[in-house]
Amino acid sequence: MLTCKELVGRSSDLLDGELKFKQRLAVAAHLAVCLRCRRFIRQLRLSQRVIRQLPEADVAELDALLKAMQAFRRDHH
Amino acid sequence: MTDEQDLIQRLLAGEQGAYRQLVSTYQGAMRAVATAIVGIANAEEVVQESWLAVVRNLNGFAARSSLKTWLLTITANTAKSRLRKQRREVLLDDLTGPHGSIDDRRFASDGHWAGELPLWHSDSPEALLDEQALRDCLEHTLNSLSELQRSVLLLRERQGLELTDICNLLDISHSNVRVLLHRARLSVFATLEHFEVTGEC
Ligand SMILES: [Zn+2]
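Residues numbered from 1 in each chain as written. Chains lettered and ligands numbered in written order. Predicted model: local features only at pLDDT ≥ 70, side-chain atom pairs only at ≥ 80, totals over all residues. Heavy atoms only, no water.

Enquirer: So what exactly am I meant to see when it comes to the UniProt feature "domain: RNA polymerase sigma factor 70 region 4 type" (unreviewed entry) in chain B here?
Expert: The UniProt record annotates "domain: RNA polymerase sigma factor 70 region 4 type" (unreviewed entry) at residues 136-186 of chain B. Segment residues 136-186 of chain B splits into 82% helix and 0% strand. End C-alpha atoms: 18 Å apart. (UniProt positions renumbered as here; feature names shortened; annotations may be inferred. Helix = DSSP H or I, 4+ residues; strand = E, 2+ residues; numbered from the N terminus.)

Set out below in structure tokens:
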């Protein structure tokens, strides 16, 4: 049986669908009986979504960049 | 016509709003790629240079790949040419965030959790991110990761790139991408957990 520590070690591969069939079974078997690991995986997925939704920094000097791009395009075509 | 083709047509027509949309949509992903390859200090310059290369080659964009893949390939190539010979080693450095990781100390000698795993107060990212202090705290954690770790995390989680695409863009092996991503995720997890438990960063 997989230990909790081993499960945590494979958790990213689980999220990314990188586990082989047998590994997936072992992980599923562990999760079926381990409340803490179920909570860990649920909160790991939640932290993934948190990063996805964390606001991105604005583009610095956007207008200057846009001007440069358009001028550059005029010069090259 | 797809949204992407529509955007390209408007770019080719020189429409200003289209340029603005292009840059706002893809600058973050390009910055992450550039940072992974040349480091944060040179990333902004590489991104600017990449945008000019994009503009120069716009007519040659054949929708064989997605627009995003095309933009990120240009960025990676621009960054790599900047590096010339002095390619940095891909260091699987062990930089973790300010709140550590989920490391050996969390487990008993038999491999089971040594203590309780705190339950977070909400299941919704919006509710968690509602607190400015947590948003700042997460930024702080991201900035404490190595440039490569942070970039891999952002490309995967925020930009939704496949692991294979990340490998190809950054010239790092599949197993290294997996290690970098895993460590970055555990650092983020540790920060969220710390914040949930203590209410501060
Ligand atoms: Zn467990």
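On we go.
Enquirer: How do you make sense of the nonpolar core when you look at a structure like this?
Expert: Generally speaking, soluble globular proteins have nonpolar side chains that are buried together. Counting residues in each nonpolar core, the largest one holds 89 residues, and the members touching the most others are Phe40(A), Leu22(B), Trp51(B) and Leu170(B). Counting residues per element, this core draws most heavily on helix H2 (residues 16-38) of chain B, which supplies 13 residues. In this view, Phe40(A) contacts Val8(A), Ser11(A), Ile102(B), Trp113(B), Leu117(B), Leu186(B) and Phe189(B); residues no more than four positions away in its chain are not counted. (Core = buried A, V, L, I, M, F, W, Y, C linked by side-chain atoms within 4.5 Å. Buried < 20%, exposed > 50% of the residue type's maximum accessible area, 1.4 Å probe, protein only. Contact = heavy atoms within 4.5 Å.)

Enquirer: It is not clear to me how empty space enclosed by the protein should be interpreted in this structure. Could you clarify?
Expert: Counted by the stated rule, this structure contains one cavity of 30 Å³ or more. In this structure, the largest cavity spans a volume of roughly 50 Å³. Forming the boundary of the largest cavity are Leu44(A), Ser47(A), Gln48(A), Ile51(A), Leu153(B), Glu157(B), Arg185(B) and Val188(B). The set of elements that each furnish at least two residues to the lining of the largest cavity consists of helix H4 (35-53) of chain A together with helix H7 (147-158) and helix H9 (174-198) of chain B. Broken down by element, the lining of the largest cavity gets its largest block of residues, four residues, from H4(A). Looking at the lining of the largest cavity, its residues break down into four nonpolar, two polar and two charged. (1 Å grid on protein atoms, 1.4 Å probe; cavity = no way out; pocket = protein on both sides within 12 Å on 5 of 7 lines; lining within 4 Å. Points joined across faces, edges and corners; volume = space filled by probe spheres on them. Nonpolar A, V, L, I, M, F, W, Y, C, P; charged D, E, K, R; others polar.)

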